[in-house]
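# Coordinate inspection notes
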Amino acid sequence: DFPFINELLDANQKGYIVKAELQLYPVQGTYELTELPANLYFHEIEKVNVWGSIIYASDQSQATATLYTDPMFGKDIYYSVDITQYLNNRLTESIVNTDNGITFTLNASRSSSSVNALLFGGSKNKTSRSRLKIYYYYYDKN
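What you see is a predicted model, and the numbers here were worked out from it, not measured in a lab. (Residues numbered from 1 in each chain as written. Predicted model: local features only at pLDDT ≥ 70, side-chain atom pairs only at ≥ 80, totals over all residues. Heavy atoms only, no water.)

## Observations regarding the nonpolar core
- Core analysis: the biggest nonpolar cluster contains 21 residues, and F42, Y79, V81 and I83 have the highest contact counts within it.
- Mapped onto this core, the elements with two or more residues apiece are β1 (15–24), β2 (39–46), β4 (64–68), β5 (78–82) and α2 (84–91).
- Broken down by element, the residue count for this core peaks at 4 residues, all from β1. (Core = buried A, V, L, I, M, F, W, Y, C linked by side-chain atoms within 4.5 Å. Buried < 20%, exposed > 50% of the residue type's maximum accessible area, 1.4 Å probe, protein only. Helix = DSSP H or I, 4+ residues; strand = E, 2+ residues; numbered from the N terminus.)

Below, the structure is given as structure tokens:
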């Protein structure tokens with residue numbers, strides 16, 4: 001769920017998203033670093049868990065989150081994925097269907113893996129808060 005989607009819709013009327021980066025932070029203490037998969041692959045999904053199409057990055061490849069680690073302190077560990085094209089496409093729809101969303105798989109073909117679950121922090125998790133970073137330009141049409 002993307003908070004402030006209405007503000008994005010308003011901004012889209014007077015600007016354009018240049019970059020949208022989703023950073024997913026695994027909740028500290030719920031994983032061993034060596035067990036985390038190196039990549040996550042993103043797909044659209046409907047509210048009733050019906051799989052949709054592959055989400056593409058700006059370079060037309062499948063949107064893939066890459067694991068970033070902090071080798072010195074081991075604290076700043078997260079997955080990062082470019083969802084610029086996905087958000088720009090969603091914002092140009094005449095009606096944004098809030099029943100559609102994003103999900104990920106552990107490999108490109110959606111088959112099983114040795115990882116049972118990944119727990120990512122949400123907006124209320126102070127130590128492992130996931131983020132959506134949006135960079136856009138805004139212009140006055142007058």
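## What to know about the packing of aromatic side chains
- Inspection of every chain in the model, using the stated rule, returns 5 aromatic pairs.
- Note on F104 and F120: the rings are 5.6 Å apart at their centroids and 75° apart in plane angle, and the pair reads as edge-to-face. Taken together, the residues F104 in strand β6 (residues 100–105) and F120 in the loop between β6 and β7 (131–138) connect sequence positions 16 residues apart.
- Classification of F104 by relative accessible area gives partly exposed; the value is 26%.
- Put simply, the rings of F42, Y79, F104 and F120 touch in pairs and so form one group of aromatic residues. (Phe/Tyr/Trp six-rings, centres within 6.5 Å; stacked < 30°, edge-to-face > 60°.)

## Some points on a positive patch on the surface
- A cluster of basic side chains, namely K19, K126, R129, R131 and K133, defines a positive patch on the protein surface.
- By secondary structure assignment, the location of K126 is in the loop between β6 and β7.
- Residue classification places K126 among the exposed positions, given a relative accessible area of 74%. (Patch = residues over 30% accessible without salt bridge, like charges linked within 9 Å, V, L, I, M, F, W, Y side chains within 5 Å. Areas by Shrake-Rupley, 256 points an atom, 1.4 Å probe, with all protein chains shown as cover. Salt bridge = Lys/Arg side-chain N within 4 Å of Asp/Glu carboxyl O. Lys, Arg positive; Asp, Glu negative; His and termini not counted. Charge placed at Lys NZ, Arg CZ, Asp CG, Glu CD.)

## Observations regarding the confidence of the model for the protein chain
- A residue-level look at the protein chain finds 82% of positions with pLDDT of 70 or above and a mean pLDDT of 80.
- β5 holds the highest mean pLDDT among the elements of the protein chain, 93, whereas helix α1 (residues 5–12) holds the lowest, 66. (pLDDT = per-residue confidence, 0-100.)

## A few points about the pairing of strand β3 (residues 51–54)
- Across 2 bridges, β2 lies against β3 in antiparallel orientation. Across the sheet, H43 pairs through a bridge with I54, a residue of β3. (Pairing = 2+ DSSP bridges.)

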